[in-house]
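Each chain, letter by letter, is given below.
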Amino acid sequence: MNLEIQELVNKGEMLPLMEEFYTIQGEGYFKGTAAYFVRIGGCDVGCHWCDVKESWNANLHPPTETDKIVANAKKYSDTIVVTGGEPLTWDMTLLTTKLKAEGLQTHIETSGAYKLTGVWDWICLSPKKMKLPTEEVYAEADELKMIIYNKDDFRFAEEQAAKVNKDCILYLQPEWSKRDKVVPEIVDYVMKNPKWKVSLQTHKYLNIP
Ligand SMILES: C[S@@+](CC[C@H](N)C(=O)[O-])C[C@H]1O[C@@H](n2cnc3c(N)ncnc32)[C@H](O)[C@@H]1O
Ligand SMILES: Nc1nc2[nH]cc(C(=O)O)c2c(=O)[nH]1
Ligand code: SF4
Ligand SMILES: [Mg+2]
């Protein structure tokens, strides 16, 4: 990446765009709702079970003008889900300000590992043990989506739930490769601890992106 482009990416005027697609939000509170997804490259959190490892290396994804991303996104939906990679690797201020100026709803999928930037109508926080969320993001999260891979993840989920605001909706979502083992454990856990809800990656059952 040349210096001039690097500078624009640093300012959030350009972002490494991996893919964008119109689909149905598969997870969490808005599951079942049509939305346009914008997947931004770059993540160094390093979840070993990450289902989009191709997103990690930002250099593999073309720096794209935020204006272009917005002009395209608005053609498809009034709800834009920004995901990645870890979108908070980058400054989300310009992208979200421009989306809001077009009257669009801005949703983010984030681990919260980096400074919260941007104007968001909905924040889905999915904390990771390897790189914990910043203290600031817990107060802002609308939903907490904890991925369950093994038994210790229930402990971690409770630890993280103790940090979010009181209105935050709490979800346990099975790690995809472990779903056969952990789904019964999650079902049992939610019945015993009904402040939690189950979230499934329903798009994977529907065979849609
Ligand atoms: C690919 S991540 C991108 C956004 C951000 N980096 C994050 O982790 O929140 C999108 C969502 O998918 C979840 N996820 C990733 N891999 C998964 C897997 N193998 N099984 C279940 N959920 C997964 C993440 O926890 C997150 O909630
Ligand atoms: N349909 C669909 N719903 C999703 N919800 C969160 C996703 C993500 O990868 O961030 C995702 C995704 O990749 N596809
Ligand atoms: S933080 Fe998100 S994108 Fe990054 S490795 Fe973990 S699940 Fe994948
Ligand atoms: Mg996904």
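Quantities reported herein were computed from a predicted structural model and do not represent experimental measurements.

1. Overview of the site of ligand 2
Stage number 1. Close to ligand 2 lie Thr23, Ile24, Gln25, Gly26, Glu27, Phe37, Thr83, Glu109, His203 and Pro209, which account for all nearby residues.
Stage number 2. Split into classes, the residues belonging to the shell around ligand 2 amount to 3 nonpolar, 5 polar and 2 charged.

2. Description of the UniProt feature "domain: Radical SAM core" (unreviewed entry) in the chain
Stage number 1. When the UniProt feature table is mapped to this numbering, "domain: Radical SAM core" (unreviewed entry) covers residues 30-209.
Stage number 2. End C-alpha to end C-alpha, residues 30-209 measures 15 Å, and it is 26% helix and 23% strand.

3. Let's talk about the site of ligand 3
Stage number 1. Near ligand 3, the surroundings consist of Cys43, Val45, Gly46, Cys47, Cys50, Val52, Ser55, Gly84, Gly85, Glu86, Ser111 and Lys128.
Stage number 2. The class makeup of the residues in the shell around ligand 3 is 5 nonpolar, 5 polar and 2 charged.

4. Description of helix 4 (residues 152-161)
Stage number 1. Considered for burial, the residues of helix 4 that qualify are Asp153, Ala157 and Gln160. Relative to the axis of helix 4, the buried residues are bounded by an arc of 70 degrees and lie together on one face. Exposed positions of helix 4 whose direction lies more than 90 degrees from the buried face are Asp152 and Arg155.
Stage number 2. Here the buried face of helix 4 lies against strand 7 (143-148) and strand 8 (169-174).

5. Focus on the sheet that holds strand 2 (residues 34-40)
Stage number 1. Read across the open sheet, the 9 strands follow the order 3-1-2-4-5-6-7-8-9; overall the sheet is mixed. Because the sheet does not close on itself, it has two edges, and the strands there are strand 3 (63-65) and strand 9 (196-198). Averaged over all pairs of adjacent strands, the angle between strand axes in this sheet comes to 30 degrees, irrespective of strand direction.
Stage number 2. Alignment of strand 6 (residues 122-125) against strand 7, held across 2 bridges, turns out to be parallel. Within the sheet, the bridge partner assigned to Leu125 lies in strand 7 and is Leu144.
Stage number 3. Strands in contact with helix 1 (residues 3-10) are strand 1 (14-24) and strand 3; relative to strand 1, the strand with the most contacts, it is inclined by about 55 degrees.

Parameters at a glance
Residues numbered from 1 in each chain as written. Chains lettered and ligands numbered in written order. Predicted model: local features only at pLDDT ≥ 70, side-chain atom pairs only at ≥ 80, totals over all residues. Near = placed C-beta within 6 Å. Nonpolar A, V, L, I, M, F, W, Y, C, P; charged D, E, K, R; others polar. UniProt positions renumbered as here; feature names shortened; annotations may be inferred. Helix = DSSP H or I, 4+ residues; strand = E, 2+ residues; numbered from the N terminus. Buried ≥ 20, exposed ≤ 12 C-beta atoms within 10 Å, placed from the backbone. Arc of directions from axis to C-beta. Contact = placed C-beta atoms within 7 Å. Pairing = 2+ DSSP bridges. Axes fitted to C-alpha atoms, helices over the stretch in contact; angles between N-to-C directions.

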